[in-house]
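Structural overview
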Amino acid sequence: SSVAISGRGFRVVWLRHRLGDRATERKMVDFPMPVVSNHLDGWGPPPHAEASVRFGICDFVEHLDKFPTHRIGRICDFTAAGQRYQAERAQKGKGFKGMGKGKGVQPLVADKDDQGFSLVDSRPMPGKSGSKGKGAFGRSKGRQKGLPVNYQEGILGQKQKVSYQASQPTGKGMKSKGKGKGGQQRRGMPSYREWSVQTKTEWNVLRDIQLGDLKNLKIDAKDVVYEDLLWCGKLPYYSKAFDRITVKSEKPMRRFEELNFFNVSTSDDPLLPDYLQSDPEVSVIATDHVIACLVAASRSVYSWDILVTKIANKLIFDKRDGSQVDFLSVNETAQEPPNNDDATSINSPIKLGQEASCINQNITQMVLEHDLEAEDMEQPNPFDEDEDGSVASGAYRYRKITLPGNPKAEEEFATRPVSLIVRTEVNCRMPGSNEYVSVKALNEYNHKSTDWRKKLETQRGACLANEIQNNAFKLGRWTAQAILSGCSTLKLGWVSRINPNDPWTHSLLNVHTHNTENFAAQIRLIPNNMYGILRTIIDTVMTWQDGKYLLLKDPTKAMIRFYEVPWETFGEEEEAEGEEEEEDQELDEDGNVAPPQPV
């Protein structure tokens with residue numbers, strides 16, 4: 001038997017074979033050929049090998065001091081003591097030949113997946129690229145503060161303007177292009193990876209759904225039946241003067257801070273729960289915001305969540321107050337999305353979302369024809385408790401939607417039609433016709449990358465195609481809302497900052513008119529797929545027991561997950577206890593909590 005010995009040992013054996021027993025000028029090291037154990041029936045040494053048998057290469061250790069170490073295969077020392085020893089040698093300049101002081105083995109750094117491991121190599125280890133833990137990949141805590149539904153107050157209002165500008169970076173963070181933190185290294189990757197809800201270990205994961213699989217869910221949209229149940233609020237008319245606005249005649253955006261805008265959740269709606277209890281055919285209630293977010297989920301990148309409650313075979317699709325469903329995103333699906341390294345920057349994802357939400361509230365009131373009196377619907381605005389006329393114009397349309405069943409389904413419920421009631425919104429109607437209109441706005445914040453003032457007139461199609469690519473999820477939500485509300489026309493306003501560094505003043509550059517059905521085909525929002533996703537989610541939850549479930553979009557993967565959460569999750573009971581404590585407290589004449597009186 002023989003064995004191949006690498007390095008200097010092989011040369012010794014070869015020389016002894018050539019020279020035989022002749023004396024040499026230099027005394028060679030006596031190196032006996034190691035014994036190789038033969039085990040044909042398995043791996044490793046024989047199971048019944050004698051203790052006196054020496055297992056080959058293990059005997060070679062005693063000769064290590066006689067050969068240069070750089071010619072022998074190196075060993076990874078995984079112990080903390082060994083890594084510290086190597087780090088000290090590297091600091092003293094005692095590394096391998098050709099290695100200077102401080103090079104070679106890197107010191108032990110307990111960080112992420114490298115904890116407890118160190119690569120022993122003669123080459124310097126390159127440092128890790130990317131951000132330094134100060135952006136979305138670092139200090140993300142997965143919690144968002146609840147924000148008011150009225151975006152005009154407390155977010156972009158005049159009171160915050162001074163402190164907002166004072167917190168802006170002075171050029172480095174906003175103008176970096178691939179240098180330092182993020183930049184080109186983030187290309188094609190989401191820059192905002194915070195979870196909309198901080199999950200808990202006691203929550204059970206019931207199902208993972210890949211977003212790519214949603215595109216295969218389809219039912220025939222021709223079999224879907226719509227029925228109007230109730231109209232509320234006032235339905236104003238659209239002003240055609242805004243269709244004639246051009247870039248050269250841009251119009252400053254107005255702010256409507258005196259009006260109240262509502263986006264009430266499903267559970268807090270005064271009419272939807274009554275419909276669910278009174279109509280035995282109805283199995284689901286929801287709002288158009290929640291349904292639109294669900295059916296356009298395959299286009300999303302950022303995290304969002306929807307609450308689904310099942311009680312006695314009835315489902316309530318709801319949102320949390322201040323959740324991501326209440327806000328819009330900007331350039332979410334772009335190749336270079338907004339950078340979140342500086343959360344206080346006016347161009348961070350959260351700030352841009354608040355700005356876009358504020359613009360969309362304002363434009364729904366700005367494009368109205370105020371010379372024509374709005375038409376009163378069957379009932380007034382259900383959320384105007386003060387009845388002082390300070391609510392934004394617009395109508396709520398409660399619709400009953402019946403989705404057909406699948407005769408080939410295994411579950412009995414899936415074979416039957418399912419009816420759901422959805423509260424939808426209609427912004428206005430075209431004068432002289434019954435054509436309902438949904439008004440939305442795209443906003444520009446970076447003039448260098450888009451420059452609508454130069455391209456919007458001459459390259460209208462290219463500008464729209466770029467927005468479809470960069471804001472696929474937002475446009476999908478808007479189109480789905482228009483389909484659910486029965487709006488045949490979609491008005492898209494193009495709004496840009498007057499000054500790129502000022503997020504409070506904007507100009508309306510143009511308004512484009514789209515047929516909802518054609519626009520849905522252009523962005524590839526297929527109604528068959530839209531209803532198929534909705535029906536599949538309903539059928540899935542119906543197979544589970546009564547309880548509360550959280551549908552959460554994973555910000556790091558193209559996946560949504562269903563969690564089973566306790567009934568008291570998200571502070572319903574805590575808020576109720578807090579209200580009871582406030583009621584028990586004594587108040588003074590001004591309504592403030594009275595200080596304790598001495599006994």
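Residues numbered from 1 in each chain as written. Predicted model: local features only at pLDDT ≥ 70, side-chain atom pairs only at ≥ 80, totals over all residues. Heavy atoms only, no water.

1. Here we look at empty space enclosed by the protein
A probe matching the size of a water molecule, rolled over the atoms, marks out where space remains unfilled. The cut-off we apply is this: In this analysis the probe radius is 1.4 Å and the grid spacing 1 Å, with only protein atoms considered; a cavity is a set of points the probe fits into but cannot get out of, a pocket is an open set with protein on both sides within 12 Å along at least five of seven lines, and lining residues have an atom within 4 Å of a point. Grid points are joined across faces, edges and corners, and a volume is the space filled by probe spheres set on the points. Numbering goes from the N terminus for both helices and strands, where a helix is a DSSP run of H or I of at least four residues and a strand is a run of E of at least two. Charged means Asp, Glu, Lys or Arg here, nonpolar means Ala, Val, Leu, Ile, Met, Phe, Trp, Tyr, Cys or Pro, and polar covers whatever is left, Gly included.
Enumeration according to the criterion identifies two cavities of 30 Å³ or more in this entry. Considered as a void within the structure, the largest cavity measures approximately 500 Å³ in volume. Around the largest cavity, the lining is made up of 31 residues, and of these F261, F262, H289, Q361 and E425 lie nearest the centre. Secondary-structure elements contributing two or more residues to the lining of the largest cavity are α7 (349-366), β8 (394-403), β9 (418-426), β11 (436-444) and α11 (472-485). Counting residues per element, the lining of the largest cavity draws most heavily on α7, at five residues. For the lining of the largest cavity, the per-class residue count stands at 14 nonpolar, 13 polar and four charged. Taken together, D288, E425, N427, S438, K440, Q481, A482 and S485 make up the full set of residues lining the second largest cavity. Looking at the lining of the second largest cavity, its residues break down into one nonpolar, four polar and three charged.

2. A few points about helix α10 (residues 460-470)
Note the threshold: Exposure categories follow from relative accessible area, calculated using a 1.4 Å probe and restricted to protein chains: below 20% of the type maximum is buried, above 50% is exposed, and the middle band is partly exposed. For this analysis, residues touch if any pair of their heavy atoms sits within 4.5 Å.
Buried within α10 we find C463, L464, E467, I468 and N470. Where the residues of α10 are buried, they touch β11, α9 (452-455), α11, β12 (489-497), β13 (506-515) and α12 (516-522).

3. Considering the pairing of strand β14 (residues 547-553)
To be explicit about the condition: Two strands make a pair as long as DSSP finds a minimum of two bridges between them.
Burial runs high along β14: seven of the seven residues are buried. Of the pairings in the sheet, the one linking β14 to strand β15 (residues 559-565) comprises six bridges and is antiparallel in character. In the sheet register, L552 faces β15, and the bridge partner there is R561. The turn linking β14 back onto β15 is made up of five residues.

4. A look at the pattern of salt bridges
Operational definition: A side-chain nitrogen of Lys or Arg and a carboxyl oxygen of Asp or Glu constitute a salt bridge if their distance falls within 4 Å.
Evaluated as defined, the whole model comprises 17 salt bridges. K319 is the partner of D326 in a salt bridge, and the nearest nitrogen-oxygen pair spans 3.0 Å. Residue classification places K319 among the buried positions, given a relative accessible area of 5%. The partner of R429 in a salt bridge is E375, and the shortest N-O contact between them spans 2.4 Å. Here the residue R429 occupies a position in strand β10 (residues 428-429), and E375 occupies one in strand β7 (residues 375-376), the gap between them amounting to 54 residues. When its relative accessible area of 32% is taken as the criterion, E375 is described as partly exposed. In this structure, a network of salt bridges that share partners links the residues D208, D554 and R561.

5. Digging into the sheet that holds β9
Our working rule: Interaxial angle, 0 to 180 degrees, is taken between N-to-C directions of lines fitted to C-alpha atoms, where a helix line uses only the stretch in contact.
Here ten strands make up an open sheet; going across it, the order is β1-β15-β14-β5-β6-β4-β9-β8-β2-β7 and the pairing mixed. The open sheet has two free edges, formed respectively by β1 (204-210) and β7, since each of these has just one partner strand. Relative to β9, strand β4 (residues 282-287) is paired through five bridges, and the arrangement is parallel. Note on β9: the bridge partner recorded for T287 is R423. Together, β4, β5 (305-311), β6 (314-318), β9 and β14 form the strand contacts of helix α6 (residues 288-295), whose direction differs from that of β4 by roughly 95 degrees.

6. Structural notes on the nonpolar core
Stated precisely, the cut-off is as follows: Buried Ala, Val, Leu, Ile, Met, Phe, Trp, Tyr and Cys residues that are joined via side-chain atoms within 4.5 Å together make up what is termed a nonpolar core.
Residues W304, I306, F317, L403, L534, I538 and F562 are the most contacted members of the largest nonpolar core, which totals 66 residues. Aside from chain neighbours lying at most four places away, what touches L403 is I219, V224, P417, V418, L420, Y531, L534 and R535. In this structure, F261, A392, V439 and V495 belong to the second largest nonpolar core, which totals 21 residues.

7. Topic: the confidence of the model for the protein chain
Basically, it comes down to this: The predictor attaches a confidence to each residue, called pLDDT, with possible values from 0 through 100.
Within the protein chain, residue pLDDT values average 77, and 66% of them lie at 70 or more. In the model, residues 1-25 has pLDDT below 50 throughout and makes 18 contacts with residues more than four positions away in sequence or in other chains. Across residues 96-112 the pLDDT falls below 50, and counting only partners more than four positions away or on other chains, this stretch makes 26 contacts in the model.

8. Quick word on the sheet that holds β12
The sheet built from five strands is open, its strands ordered β3-β13-β12-β11-β10 with mixed pairing. The outermost strands of the open sheet, each flanked by one partner alone, are β3 (251-252) and β10. Bridge count between β10 and β11: two bridges; the pairing is antiparallel. Each bridged residue has a counterpart across the sheet, and for R429 the counterpart in β11 is Y436. Contacting β11 and β12, α11 runs over the sheet at an angle of about 170 degrees to β11.

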